[in-house]
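Below are the chains, spelled out letter by letter.
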Amino acid sequence: MSNKKITVRTGSLEEAAKEFIDIWHQVEQGNAPQAPIEKISFADQRLLFKTLTPKRFEILKYVHEQGDVSIRLIAKELGRDYSNVHQDVTLLTRLGLMIKNENTGKYHVPWDVIVTEIPLQTKKPRNSPKHSLLRAAHK
């Protein structure tokens, strides 16, 4: 049994666009991925952590475990203010981490796993001035 996963990562819009174009070309050549690739990109880790707070992650985990639930039930079961939970659920739904059933008005989380990718190194040109100064200092 495979887990349904989504990747949450940091990276520039250009990186995301390049990845999309690369996959597009693979599909054109008949090399389509086995399963959909589902990713959400944030500009940087500060924005990612500001958005996916511990309280919002608690909502994701609770809704995933319970299945279709209302915002009112989420707020009650987690002991949180309805208005704050409503804001959090609205944001998580806009991001695509939660899904709203338009017929029932209830929410669910289809993901079994959320993979987080945060590169520790930014890509810089090899001959950047800082890099050149460091090399010169070590000679």
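Please refer to the structure placed before this passage.
Just so it is clear, the structure is predicted and the values come from calculations on it, not from any experiment.

Side note on the overall build of the chain
- Check the secondary structure of the chain and you find six helices and five strands.
- Listing each helix as α and each strand as β along the chain from the N terminus yields β-α-β-α-α-α-α-β-β-β-α.
- Residues classed as buried in the chain amount to 23% of the 139 residues present.
- In the structure as shown, the chain presents an accessible area of about 10,400 Å², 54% of it carried by carbon and sulfur atoms.

Focus: helix α4 (residues 71-78)
- Along α4, the positions that sit buried rather than exposed are Ile71, Ile74, Ala75 and Leu78. Buried residues of α4, viewed axially, fall in a sector of 95°; they line one side. Exposed residues on α4 whose side chains face more than 90 degrees from its buried face are Arg72 and Lys76.
- Next to the buried residues of α4 lie α3 (54-66), α5 (82-95) and β4 (107-108).
- In the stretch just after α4, Gly79 is the one whose phi turns positive, near 65°.

Quick look at the pattern of salt bridges
- Evaluation of the coordinates by the stated rule reveals two salt bridges.
- The residue Asp88 makes a salt bridge to Arg56 at a minimum N-O spacing of 2.8 Å. Of this pair, Asp88 sits in helix α5 while Arg56 sits in helix α3; the two residues are 32 residues apart in sequence, bridging distant segments of the chain.
- We classify Asp88 as buried; its relative accessible area is 7%.

Scoring rules and cut-offs
- Residues numbered from 1 in each chain as written.
- Predicted model: local features only at pLDDT ≥ 70, side-chain atom pairs only at ≥ 80, totals over all residues.
- Heavy atoms only, no water.
- Helix = DSSP H or I, 4+ residues; strand = E, 2+ residues; numbered from the N terminus.
- Buried < 20%, exposed > 50% of the residue type's maximum accessible area, 1.4 Å probe, protein only.
- Areas by Shrake-Rupley, 256 points an atom, 1.4 Å probe, with all protein chains shown as cover.
- Arc of directions from axis to C-beta.
- Contact = heavy atoms within 4.5 Å.
- Salt bridge = Lys/Arg side-chain N within 4 Å of Asp/Glu carboxyl O.

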